[in-house]
Amino acid sequence: MKVTTSFLELREARESLKATVGLVPTMGFLHEGHLSLVRAARQECSSVVVTIFVNPAQFGPAEDLSRYPRDLERDLSLLKKENVDLVWAPPTETLYPADFQTWVDLEKVSKPLEGAMRPGHFKGVATIVAKLFNAIQPQKAFFGQKDAQQAAVIRQMVKDLNYPIEVIICPIAREGDGLAMSSRNVYLQPAERQAATVLSRALFAIRQAFEDGERDAGQLKQIMQTIFNQEPLARVQYISCADPVTLQELESIENQALFSVAVFIGNTRLIDNMLVP
Ligand code: AMP
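The following refers to the structure shown. (Residues numbered from 1 in each chain as written. Predicted model: local features only at pLDDT ≥ 70, side-chain atom pairs only at ≥ 80, totals over all residues. Heavy atoms only, no water.)

**Here's the deal with the sheet that holds strand β6 (residues 166-170)**
Piece 1. Taking strand neighbours across the sheet as the criterion, the six strands line up as β1-β4-β3-β2-β5-β6 in an open arrangement whose pairing is parallel. The open sheet has two edge strands, β1 (2-4) and β6, and neither has a second partner. On average, each strand axis in the sheet is tilted by 20° relative to the strand beside it, whichever way the strands run.
Piece 2. Alignment of strand β2 (residues 21-26) against strand β5 (residues 140-144), held across two bridges, turns out to be parallel. By the bridge assignment, L23 is partnered in β5 with A141. (Pairing = 2+ DSSP bridges. Helix = DSSP H or I, 4+ residues; strand = E, 2+ residues; numbered from the N terminus. Axes fitted to C-alpha atoms, helices over the stretch in contact; angles between N-to-C directions.)

Next up, the structure:
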């Protein structure tokens, strides 16, 4: 496994990779969710490139950039076990030099939900993913359904900018008790960790209600709200039932709906979602 922080070395190493090249972009502090993407890439591609970069452009001024968890040594040993070919972990100056001024900003799909709660977040995400696509030129790129709106933003960007890249979205990896895996779960104190299962419990309840025939978005969201109300450590930021492609809110479910939630458990902001059916 070749590991580099340098852009020139990355380009050199990229030249000798056999097609199909699969890219898995990450911010590091890897868990089984990230590794499930790496395994999917390993299975579908001849060469696997993983990037580790905590992208400052996608963090708001009051967010957790400086305390975002990092452990490069551990990440590299996990990636080595997965037979990754190339890891690029560039320093911030390489991707955002002092005179940086070109951004990728989507007009619609990036605006509701996470976009509304975290202004500028998807401008940072789309820009860094475009830069990684340009630097690595993969044929396939792997992202997680955990960040459902991010997946929609990237699909739209690939279409709009004519990237010849197939975007593959992998299912949400969960802990045994349902909590969606996230690097941010380490912020949770023990009682909060327990309370955090309320997100997946609420989403699983929705799926059950849908299977029992409920199609009204308002009713389904109310079921989730009731479950959150029973968890004193949870503070709901939004509960959404939206079209999975446009992220526009739905009133009733005709085809497929994306239920997504953002909830503070103590000071930690968690997101989770479920596609129904
Ligand atoms: P991050 O390091 O949080 O930027 O995540 C890197 C990639 O891993 C993104 O495409 C995420 O959607 C994906 N990812 C993060 N957590 C999970 C999870 N629990 N299951 C599946 N994919 C995930």
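**Some points on the site of the ligand**
Piece 1. Around the ligand sit 17 residues in total, of which M27, H34, D147, A173 and M181 are the nearest.
Piece 2. M27 places a main-chain nitrogen or oxygen 2.9 Å from an oxygen atom of the ligand.
Piece 3. The element that contributes the greatest number of residues to the shell around the ligand is helix α2 (residues 32-44), accounting for three residues.
Piece 4. Per-class residue counts for the shell around the ligand are nine nonpolar, six polar and two charged. (Near = heavy atom within 4 Å. Polar contact = N/O pair within 3.5 Å; in protein donor to acceptor, adjacent residues only side chain to side chain. Nonpolar A, V, L, I, M, F, W, Y, C, P; charged D, E, K, R; others polar.)

**Structural notes on the sheet that holds strand β8 (residues 257-265)**
Piece 1. Spatial strand order, β7-β8-β9: three strands in an open sheet with antiparallel pairing. At either end of the open sheet lies a strand with only one pairing partner, and these are β7 (234-242) and β9 (268-276). Ignoring which end each strand starts from, the neighbouring axes of this sheet average 15° apart.
Piece 2. Both β7 and β8 contribute to a ladder of eight bridges, which runs antiparallel. Its bridge partner lying in β8, R235 is registered against F264.

**A closer look at the nonpolar core**
Piece 1. Counting residues in each nonpolar core, the largest one holds 41 residues, and the members touching the most others are V129, F133, I154 and M157.
Piece 2. Within the residue set of this core, elements represented by two or more residues are α1 (7-15), β2, β4 (86-88), α6 (121-136), β5, α7 (148-160), β7 and β8.
Piece 3. Per-element accounting of this core gives the leading share, 10 residues, to α6.
Piece 4. The contacts of V129, once residues within four sequence positions are left out, are F143, I154 and M157.
Piece 5. Ranked by size, the runner-up nonpolar core spans 28 residues in total, among them L188, L199, V263 and M274. (Core = buried A, V, L, I, M, F, W, Y, C linked by side-chain atoms within 4.5 Å. Buried < 20%, exposed > 50% of the residue type's maximum accessible area, 1.4 Å probe, protein only. Contact = heavy atoms within 4.5 Å.)

**What about empty space enclosed by the protein?**
The gaps left among the atoms become clear once a water-sized probe is rolled over them.
Piece 1. As enumerated under the stated definition, the model contains one cavity of 30 Å³ or more in all.
Piece 2. When its volume is computed, the largest cavity comes out at roughly 40 Å³.
Piece 3. The wall of the largest cavity is formed by K146, L179, A180, N185, L199, L270, I271 and D272.
Piece 4. Of all the elements, β9 adds the most residues to the lining of the largest cavity, at three residues.
Piece 5. Among the residues making up the lining of the largest cavity, the classes are represented as five nonpolar, one polar and two charged. (1 Å grid on protein atoms, 1.4 Å probe; cavity = no way out; pocket = protein on both sides within 12 Å on 5 of 7 lines; lining within 4 Å. Points joined across faces, edges and corners; volume = space filled by probe spheres on them.)

**Re the pairing of β2**
Piece 1. Most of β2 sits out of view: six of its six residues are buried.
Piece 2. The alternating pattern of β2 places V21, L23 and P25 on one face and G22, V24 and T26 on the opposite face, and all of these are buried.
Piece 3. Where β2 and strand β3 (residues 47-52) come together, six bridges link them in parallel fashion. Each bridged residue has a counterpart across the sheet, and for G22 the counterpart in β3 is V48.
Piece 4. Viewed along the sheet, the connection from β2 through α2 into β3 turns out right-handed. (Right-handed = clockwise from strand over helix to strand, strands pointing away.)

**Considerations on the pattern of salt bridges**
Piece 1. What the rule picks out here adds up to 14 salt bridges.
Piece 2. The shortest N-O distance in the salt bridge between E9 and K2 comes to 3.3 Å.
Piece 3. Residues D85 and R42 are paired through a salt bridge, measuring 3.0 Å at the closest nitrogen-oxygen approach. Within this pair, whereas D85 is found in the loop between α3 (72-81) and β4, its partner R42 is found in helix α2, the two being separated by 43 residues in sequence.
Piece 4. A residue is classified by how much of its surface remains accessible, and R42, at 25% relative accessible area, is partly exposed.
Piece 5. Beyond isolated ion pairs, a larger network of salt bridges with shared partners links E32, R39 and E82. (Salt bridge = Lys/Arg side-chain N within 4 Å of Asp/Glu carboxyl O.)

**Some remarks on α7**
Piece 1. With 13 residues, α7 extends 18 Å from end C-alpha to end C-alpha; this agrees with the ideal 18 Å at 1.5 Å per step.
Piece 2. Within the sequence span of α7, burial applies to A148, Q149, Q150, A151, A152, V153, I154, M157 and V158.
Piece 3. Close packing links the buried residues of α7 with α5 (114-117), α6, β5, β6, β8 and β9. (Expected span 1.5 Å × (residues − 1).)

**Re the environment of P244**
Piece 1. Looking at where P244 falls in the secondary structure, it is placed in the loop between β7 and β8.
Piece 2. Between the alpha carbons of P244 and I165 there is a distance of 20 Å; along the sequence they are 79 residues apart.
Piece 3. Beyond its immediate stretch of four places on either side in the chain, P244 contacts A152, Q256, A257, L258 and L275.

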